[in-house]
Amino acid sequence: MSSPAIERILRGPTGLGTSGLQLRPQAPDVPASEVPATEAAAETAVVETVALEAVVAKAATLGATAPDVQPSSLPVPSLPVPPLPVPSLPVPSLPAVPVAPRATAGPSGGKPKLGDPIPGLYHHPVAEPDPVRVEALSVKLKAWAVDEIELYPPEWEKDFEGFSVGRYMVACHPDAPSVDHLMLAARLMVAENAVDDCYCEDLGGSPIGLGSRLLLAHTALDPLHTTPEYHPAWEASLSEDAPRRSYRSAMDYFVRAATPSQADRFRHDMARLHMGYLAEAAWAETDHVPEVWEYLAMRQFNNFRPCPTITDTVGGYELPVELHALPAVQRVIALAGNATTIVNDLYSYTKELSGPGLHLNLPVVISEREGVSRKEGYLKAVEVHNELMRAFEAESAALALACPVPTLARFLRGVAAWLDGNHYWHQTNTHRYSLPDFW
C-alpha cells in the first residue's frame, strides 16, 4: 500500500530532471575516452544527482541499518502500513504524467466560492483529516499553549482557534504514529507563528530592531554556551516573552524525540528562516521592491522548509545525515519549500493587501517589477508555483528510482504529503483566507 503522494513520485513523471534518465544494470568499467559524449553527459547527470556508486551503496547500507527514533518519552507504535515498495533496477522508460491546465486559462465561472482551491493551481486533493485525531491534538496543543507556556492572552484565543493547527498537522503528517509525534510538529509550528506575528507582523512586529530579537530568540533553539557568570541572565531571558517561551519549550520536546543530527538539521533550517525574515525587514525599512528573482531568493529562506524537513522525526524514523546532505535531496527539499511557500503567497494575497502599505508577495512583486496588472501578476505567480511543483515531483521521482533506499522513499513521500496537506489547510482555512476576484 502506498499513498497517492508517493505513487506520483515513484511512477516517474516527465519534466525537469527526468529527460534522458535511463537506469541500467551495472556494466563493466569503460575508459572515459571510449564513452560517446551524449551518453557520458546523460550518465553524468544521474551520477551528479545521487552521488557516485559508492555513496549510493553506503546510503543503502545506512538505510537498512538506521534504527527508528526511539525516544524514551515518546514510544513509537508499529505503523499501520507496510514498508514502501521500491522498484528494482533496471527500470523501463518513465511514463508521462498528465499536465494540469495553465493557470492563465482559468475557468470563466467567476470568483471561486469560499473554500474552493485556486483555479489552475496544480495540487493534489487530500482526504479530510481524521477528526478524532484532530480533536485530540487540538486539546493537547491548547493545554500546552495556555497552561504550560502562557503563550497568548485571552483576546488572542479566537485567532489561535482559527489557525486550526490540529487539522493542519494531521493533514500534513499522515504517517505520524501517534498524537505525541504530531505534537512535535504542532508546537514548533505554533512557536514559529508566534515569532512571526510578535516580531515581524500583526501583533506588534516591526522591521526595526528585528535582528536583535531574532538572534536572542534563536538561542532558545541553539543554546548559548558561555561562562557561569553570564549563563543565568541568558537563561532568564528565555522566559521574557511569548515567542522565546514557545521556541524554548517546543525545542525541548523536539530534541528529546529527535536524533542529534535531526535536531541540528532543524536548527540550521531555522537559521535560514530567520535570515529570510531579516532580508524582508530590510526591504520594508527602505521601501524597496525587489526584482522577482530577488524576491524568490528571499522566499527560499523565509519559507516553510523547517516544517517538511522534520517529517522523519514526526514519523518516528530518521533519514540518515549522509542521505539528507546529498545535493539531489537538498534540491528536492528546496523546491518543496519554495512551492509550498508560494501557496501561502497566493491564498493570503487578499488578507495581506487589506492592511496598510504595500505588502510584498509574489503576485505583487511580479506586477510591480514586470509592469502588469494585479490580476496578471497573480496568474503568473500561479504558473511559477506550478513549475516549481512539477520540478519537485519530477526530481523526487528520479531520485527515488536512482537511489532505492526505503528511508529515502519514505522521506520523499512525507515531504510530498506535507505539500498536499499544506495546500489543503490554506484552501479550507476560511477563517484566515479568501481569494481575489480574478476569474
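Before any of the text, the structure's been laid out above.
Rules behind the numbers
Residues numbered from 1 in each chain as written. Predicted model: local features only at pLDDT ≥ 70, side-chain atom pairs only at ≥ 80, totals over all residues. Heavy atoms only, no water. Disulfide = S-S within 2.5 Å. Helix = DSSP H or I, 4+ residues; strand = E, 2+ residues; numbered from the N terminus. Polar contact = N/O pair within 3.5 Å; in protein donor to acceptor, adjacent residues only side chain to side chain. Expected span 1.5 Å × (residues − 1). Buried < 20%, exposed > 50% of the residue type's maximum accessible area, 1.4 Å probe, protein only. Salt bridge = Lys/Arg side-chain N within 4 Å of Asp/Glu carboxyl O. Axes fitted to C-alpha atoms, helices over the stretch in contact; angles between N-to-C directions. Parallel < 35°, antiparallel > 145°, perpendicular 65-115°, else oblique. Left-handed = near helix turned anticlockwise from the far one by under 90°. Contact = heavy atoms within 4.5 Å. Nonpolar A, V, L, I, M, F, W, Y, C, P; charged D, E, K, R; others polar. Core = buried A, V, L, I, M, F, W, Y, C linked by side-chain atoms within 4.5 Å. Phe/Tyr/Trp six-rings, centres within 6.5 Å; stacked < 30°, edge-to-face > 60°.

Two cysteines, two sulfur atoms, one covalent bond between them: this is a disulfide. Tallied over the full model, the rule gives 0 disulfides. This cysteine, Cys-200, is not joined by any disulfide, and Cys-198 carries the nearest cysteine sulfur, 9.6 Å off.

By secondary structure assignment, the location of Asn-386 is in helix H18 (residues 374-402). From its side chain, Asn-386 meets the backbone nitrogen of Tyr-122 in a polar contact 2.8 Å long.

This part takes up the environment of Asp-287. Assignment of secondary structure puts Asp-287 in the loop between helix H11 (260-286) and helix H12 (292-301). A C-alpha to C-alpha distance of 9.7 Å links Asp-287 and Gly-357, two positions 70 residues apart in sequence.

Here helix H7 (residues 179-200) spans 30 Å end to end across 22 residues, near enough to the 32 Å set by a 1.5 Å rise per residue. Within H7, 19 of the 22 residues are buried, which leaves it mostly tucked inside the rest of the structure. Two or three places before Asp-180, at the start of H7, stands the capping residue Ser-178, its side-chain oxygen 3.4 Å from that residue's backbone nitrogen.

Moving on to the pattern of salt bridges. Evaluation of the coordinates by the stated rule reveals 16 salt bridges. Between Arg-369 and Glu-291 there is a salt bridge; the shortest N-O distance is 3.4 Å. One end of the pair, Arg-369, is in helix H17 (residues 362-370); the other, Glu-291, is in the loop between H11 and H12, and 78 residues separate them in sequence. Taken together, the salt bridges that share partners define one network made up of Lys-142, Glu-157 and Glu-161.

Moving on, we get to the packing of helix H4 (residues 131-148) against H7. Their axes nearest at 10 Å, the elements H4 and H7 cross at an angle of 50 degrees. Taken together, the axis directions place H4 and H7 in an arrangement best described as oblique. Viewed along their axes, H4 and H7 form a crossing whose handedness is right-handed. Taken together, the residues of H7 that come into contact with H4 (itself represented by Arg-133, Ala-136, Leu-137, Lys-140, Leu-141 and Trp-144) are Val-179, Asp-180, Leu-182, Met-183, Ala-186, Arg-187 and Val-190. When the residues that make up the contact of H4 with H7 are grouped by side-chain class, the tally is 9 nonpolar, no polar and 4 charged.

Here we take up H18. Here H18 is 29 residues long and its end C-alpha atoms lie 42 Å apart, about the 42 Å a rise of 1.5 Å per residue gives. In terms of burial, H18 is a largely internal element, 22 of the 29 residues being buried.

Next up on the list: the nonpolar core. By size, the foremost hydrophobic cluster in this structure holds 107 residues, and its most contacted members are Ile-118, Leu-151, Tyr-168, Tyr-378 and Leu-408. With 15 residues, H7 is the single largest residue contributor to this core. Those residues within four positions of Leu-151 in sequence are excluded, and the remaining contacts are Ala-145, Trp-156, Phe-160, Val-190, Ala-194, Ala-242 and Ser-246.

A few words now on the packing of aromatic side chains. Following the criterion strictly, the structure yields 13 aromatic pairs and no others. Seen in terms of ring centroids, Phe-304 and Trp-418 are 5.7 Å apart; in terms of plane orientation they differ by 50 degrees. Their pairing is tilted. With Phe-304 in the loop between H12 and helix H13 (311-315) and Trp-418 in helix H19 (residues 406-428), this residue pair connects regions lying 114 residues apart in the sequence. Connected via pairs of aromatic rings, a cluster forms that spans Phe-163, Tyr-168, Phe-304, Trp-418, Trp-425 and Tyr-433.

Bringing the packing of H7 against H11 into the picture now. At their nearest, the axes of H7 and H11 sit 12 Å apart, and the two run at 20 degrees to each other. In this view, H7 runs roughly parallel relative to H11, as classed from their interaxial angle. Read as a crossing pair, H7 and H11 show a hand that is right-handed. Contact with H7, carried on its side by Leu-188, Glu-192, Val-195, Asp-196 and Cys-200, involves Phe-266, Met-270 and Tyr-277 of H11 and no other residues of that element. The residue makeup of the contact of H7 with H11, split by class, is 6 nonpolar, no polar and 2 charged.

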